[in-house]
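Architecture at a glance
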Amino acid sequence: MMDRLRHDLRFAIRGFRRTPGFFATAVVILALGIGMSVAMFTVFRAVLVRRLPVVDQDRIAVMWTYVNDPNVDVAAGTDALSVVRRETRTMRDIAGVAHWPASAAPFVDNERPVSLNRGMVTANFFDVLGVRPALGRLLHAGIDEIGATRASAVSAAPTMVLSYRAWKEKFGADSSVIGRRLLEPLSRLTFTVVGVAPPGFDYPAGAEYWQPMWLEWNSDISAFAVARLAPGATLNAARDEYLAIENRVKPEFHFKGAHAATFTDTVLGNVSPVLRILTVAVGLLLLIACLNVGNLLLLRASGRAREIAVRRALGAGYGDIVRQLLIEALSLAVAGGVLGFALAATLLRALVVFKPANLPRLDDVQLSGTPVLVAIAITSVSVLAFGLLPALFAARTNLASPMRFDSRSGSETRRRRAVRQILVASQVALATIMLGAAALLARSLSRLENQDSGYDAEHLSVLTYTWNETKFKTLPSMLGLAQRLVKETSAIHGVVAVTPLVVPPLIGDAIWQVRFDEEGQSPSEAKSNPAVPAEMCGSGFFRTFGVPLIRGRAFTDGDDTTSALVAIVSESAARRLWPGEDPMGKRFRFGSATRDAIGGGSDWRTVIGVAKDTHLRTVRDASPIVYFPYLQGYWQGTIAIRTNVPLTALVPALRRAGHEADPQTELFNPQTMDQLLAVPLSQPRLGALLMSSFGLVALLLAAIGLYGVMAALVREQTREIGIRIALGASGSRVRVDVLRRAVIVTGSGAIAGLAVALATSRVLNSLLFQVSPTDPLALGGACVVLLIVGALAAYVPARRATRIDPVQALRAD
C-alpha cells in the first residue's frame, strides 16, 4: 500500500512539474486565502470569542453617570460609590475605577527608566472580578488599602500589579520581578510589584499596571462603578438603583441618567464592529480564493479527460484513478496550507510588534487550533470538490467519448464554460463588495485626517515633566515651577512658542468638565447649566497651537491671582452657555460641584475673548472648551511647544531646561502631535489598511480567474476563430468579441456585488466619518476599477486570439 502511495505521490509531483504555472498559481492563491483568513480568524477568536479571565463575565456591570449629554460621562467620587456599596440590593459587590483613561507614569527600576500606563482602582477591584494572577498575587481589599490621607500612604507600602504584556515586553518575563521596588519620581513613593495579571486582561484599556486608588472609598476621585450583579438582578435594575443613590448622595451634580454595560462590552469598546466586519471580509476573501482555485482545477480537469481515458484503456482501475486524483488534490492543499500557515504566523507577529492602539487582548493572540481547522476544512472541501469530482466524472464516462472529443463537440464544453464563468462572476461580485467597503473606509479616513481641526498640528509637541511632589506641595510653588520651566524652555533655540497645559490634547470630553453659575441666574436656573470641558493654559497657548481668536484678546502674563479673573470661550461653548447672546463681557463662576476644586473659588470671571472651535479633545468632534489662565488656576506638569526643528533634536536641551527650573524636575514622555493623533486614528487606519489589503487581493484573484476563463475560451475556440479569420473576420473584430464576453462576465458580477453592497451598507455606518455608506464615488469607483482590471485581464487572451493562424487552426485535432 505504501509503495502505491509513494508511486502516486511521485506521479503527482511529475504532473505538477509539467504544469508549473498551474501549481505555483494555485498554491499562492491558497496561501493568500488561508494565511489572511487564519490570521484574522485568530485575532477575532482571541479578542471577541475567547472568554475574559474573570469569573462569570456576563454578571459584571460597568456603570457611569451623565448630566446633559449622554455621550459625555460625569462620574462622581468614590465616596458616593461607598454609599452605593453599602445600600445596594442589586449588586453583590462593587469596585471603583478612575474614569480617566490609562495614562503614562514614569518609574525608575534600578536606575533604569521605565514608562507604564497607570490604571487606578480600588483595592477590591480584582476581588470583584474574580481574576487569578499569572504570577504572584493581585490587589486585595484589607491588604492594599490606602490610608485616609495621602501623607499616610508613604507608610502604607504602596503596591502595584503589572499587566501580562508589560511584564513580557518591559521586564523580559522575569519571574523575579515579584517583590521588586519601583520609584515614582513624581510622588517620590516606592511601589512594590506584588503580581502579574493574567494574559488577556485589559481594563482600563491600555493599562500596564494597577495601583490602589488614593484615599480609597473616602475621596471625591471620579470613578466608574464595576459591580458584580446579585443573583436575579438585571443590568437595567442595577443602573437605575445606581443612579438613584448617586443623585441622593451628590445632588449638586444633577445627574440626568446613567449608562450600564457588560464588562465584556466595556473591555472591547468600539473594536468589536471593526473586527466583525474585517472577519467577514477575510471570510469572503477565503471564499474567493477557493472559487479561484476551483476554476483553475476545472480548467485542468477539462484537459485531463483524454489522459484518464488512456490510463483506463491501459488497465488502470477506477480505484487507481480515484487514489491518484486524491493524492494530487491533497498535495495541492497541503502545499498551499503550509505556505498559508507561515504567512498567518508572520502576519500575527507583525500585529503584535506594531501593537495597534485600542486593540485589546493582544497578549492573548496566538495561532490556535480552531481557526486553522476551519481554514483547512474549507480549502480541503473546495480543492477536493473542484479537483476530484470533475475528473472522477470523466473517469466514469465511455472510454471512446474522450478519444473522439474535439473542439467542435458541444454540450460538455458549454456546460463547463458556463460553470467557470459563473465562478468568475461570483468572484467579481465578492471583490466588488470588498473593494466598495475598502473605498468607503479609505474615504472616511481621508476625511478624518484632512478635516479642519482648528489648530496647527505641524511642529507641535506636548511634553510632560515630573517633579518632587513633596517639595512642591502648595499651588503657588507649583505655579512658580511652571513659570521657570516656561522661561527656560522659551530660551531654547528652535522653540517658537510655549504654553503650560492642564489637560493634554485628545484626552476626551469627559475629563476636566466644569459647570458654571451665570451672573443673574437663580440657584434653580443654574442647576440646568451644561457641563463644559475646561483648559488652563498660558499666555502663549493660542500662538503655540495656532488657534485663531475670533474676538477679544488672548491671555497675558499679567492674568494672575492679583488681577481680575478672566476666561476665553470657544464658539460652541459660547453657543452652549449663552445661546443667541453675545458672550463678550459675560460673567460666570464655578458651580457648587466644582467650586474650590479649581483656582478662583466663588469669584466671578469675565469673558474676554472667543476662540475658534477645535478638535483638541477628540478627533471626530469639535469640543466646546472654556479656557482659563493657569496662573489663576492650576498646573500639573504638562507644557506644549511649537518648534521649527524636529522634536528629537531638542530633547537634550528640553531635559536641561527642566533641570534648570529645578534639579529634580525630569522630562518625561515627549511626544509630537502626530504621535498623539496616531492613537485615536489607529483604529480607522487599521481598518482601512486591512480592508484595502483584502480588497486588492480579491481584485487580483478575480483578475486571475477572469484571465483563466478567457484563455480557456480562446483555446477551446481555436478552430472556430481560425475559420472566422479565414472567412475574412478582422483581428479587431475577434478581439472585441473576446473582450465583450469578459465585460459581460465582469459586469454581471459587479452589478450583483453592488446590489449586495447597497443592501448591507448600514453595516459600515458606525465606522464612517462624514461619508455615506452608499457613497456613489466609493461604490462606483470600485465597480469601475473592477471593469478596468477585468478588461486588462482579458486583453492578453483577446490579443492571442487575433494571432491564430487559420491553417494551423484547421489542422488541429
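Please refer to the structure placed before this passage.
Note that this is a predicted model, so its numbers are computed, not measured.

1. Some remarks on the overall build of the protein chain
The secondary structure content of the protein chain amounts to 23 helices and 22 strands. For the protein chain, with 813 residues in total, the buried portion stands at 53%. Summed over all atoms, the accessible surface of the protein chain reaches about 34,600 Å², with 58% contributed by carbon and sulfur.

2. A look at the pattern of salt bridges
Under the criterion given, the structure shown has 19 salt bridges. The residue Glu-87 makes a salt bridge to Arg-248 at a minimum N-O spacing of 2.2 Å. Taken together, the residues Glu-87 in helix H3 (residues 78–87) and Arg-248 in helix H6 (residues 235–249) connect sequence positions 161 residues apart. With relative accessibility at 36%, the residue Glu-87 sits in the partly exposed group. In this structure, the salt-bridge partner of Lys-586 is Glu-581, at a minimum N-O distance of 2.6 Å. By relative accessible area, Glu-581 is classed as partly exposed at 43%. Put simply, Asp-109, Arg-112, Asp-174 and Arg-180 are held in one network by salt bridges that share partners.

3. A closer look at the nonpolar core
Among the nonpolar cores identified, the biggest contains 93 residues, and Leu-285 and Phe-694 are the most heavily contacted of them. Secondary-structure elements contributing two or more residues to this core are helix H2 (20–49), helix H8 (271–302), helix H10 (318–354), helix H11 (369–396), helix H13 (411–450), helix H19 (673–716), helix H21 (731–759) and helix H22 (776–802). Other than its neighbours up to four places away in sequence, Leu-285 contacts Met-36, Met-434, Phe-694, Val-697, Ala-698 and Leu-701. Leu-479, Ile-492, Val-532 and Leu-647 belong to the second-largest nonpolar core, a separate cluster that totals 45 residues.

4. So, the side chain of Glu-246
As for its placement among the helices and strands, Glu-246 is situated in helix H6. One buried charge, Glu-246, has no salt-bridge partner; the nearest side chain with opposite charge is Lys-250, at 7.8 Å.

5. Structural notes on the pairing of strand E17 (residues 566–570)
Along E17, five of the five residues are buried, which leaves the element largely enclosed by surrounding structure. Every second residue of E17 is oriented toward a common face, with Val-566, Ile-568 and Ser-570 on one face and Ala-567 and Val-569 on the other, all of them buried. The sheet contact formed by E17 and strand E19 (residues 605–611) spans five bridges and is parallel. Paired with Ser-570 across the two strands is Ala-611, which belongs to E19. Pairing analysis gives two bridges linking E17 to strand E20 (residues 626–629), with the strands arranged antiparallel. Bridged to Ile-568 within E20 is Tyr-627.

6. Focus on a nonpolar patch on the surface
Together, Tyr-707, Tyr-795 and Val-796 make up a nonpolar patch on the protein surface, roughly 260 Å² of accessible area in all. You can see Tyr-707 is positioned in helix H19.

7. Comments concerning helix H14 (residues 475–490)
Taking 1.5 Å as the rise per residue, H14 with 16 residues should run 22 Å; its terminal C-alpha atoms sit 22 Å apart, in good agreement. Of all the residues in H14, the buried ones are Met-478, Leu-479, Gly-480, Leu-481, Ala-482, Leu-485, Val-486 and Thr-489. Contacts made by the buried residues of H14 are with strand E12 (460–466), strand E13 (495–501), strand E21 (638–643) and helix H18 (647–661).

8. A few points about the packing of aromatic side chains
If you walk through the whole model with that rule in mind, you get 23 aromatic pairs. On the numbers, 5.9 Å between centres and 85° between planes, the contact of Phe-107 with Phe-191 is edge-to-face. Note that Phe-107 is positioned in strand E3 (residues 103–109) and Phe-191 in strand E8 (residues 189–196), a separation of 84 residues in sequence. The exposure class assigned to Phe-107 is buried, which follows from its relative accessible area of 2%. You can call Phe-191 buried: its relative accessible area is 1%. On the numbers, 5.1 Å between centres and 85° between planes, the contact of Phe-107 with Tyr-209 is edge-to-face.

9. Overview of the packing of H14 against H18
Direction vectors running N to C along H14 and H18 enclose 140°, while the axes themselves pass 9 Å from each other. When the axis of H14 is compared with that of H18, the two are oblique. Crossing angle aside, the handedness with which H14 passes H18 is right-handed. Along its contact with H14, which presents Leu-481, Arg-484, Leu-485, Glu-488 and Thr-489, the element H18 presents Leu-654, Ala-657, Gly-658, Glu-660 and Ala-661.

Reading the values: the criteria
Residues numbered from 1 in each chain as written. Predicted model: local features only at pLDDT ≥ 70, side-chain atom pairs only at ≥ 80, totals over all residues. Heavy atoms only, no water. Helix = DSSP H or I, 4+ residues; strand = E, 2+ residues; numbered from the N terminus. Buried < 20%, exposed > 50% of the residue type's maximum accessible area, 1.4 Å probe, protein only. Areas by Shrake-Rupley, 256 points an atom, 1.4 Å probe, with all protein chains shown as cover. Salt bridge = Lys/Arg side-chain N within 4 Å of Asp/Glu carboxyl O. Core = buried A, V, L, I, M, F, W, Y, C linked by side-chain atoms within 4.5 Å. Contact = heavy atoms within 4.5 Å. Lys, Arg positive; Asp, Glu negative; His and termini not counted. Pairing = 2+ DSSP bridges. Patch = residues over 30% accessible without salt bridge, like charges linked within 9 Å, V, L, I, M, F, W, Y side chains within 5 Å. Expected span 1.5 Å × (residues − 1). Phe/Tyr/Trp six-rings, centres within 6.5 Å; stacked < 30°, edge-to-face > 60°. Axes fitted to C-alpha atoms, helices over the stretch in contact; angles between N-to-C directions. Parallel < 35°, antiparallel > 145°, perpendicular 65-115°, else oblique. Left-handed = near helix turned anticlockwise from the far one by under 90°.

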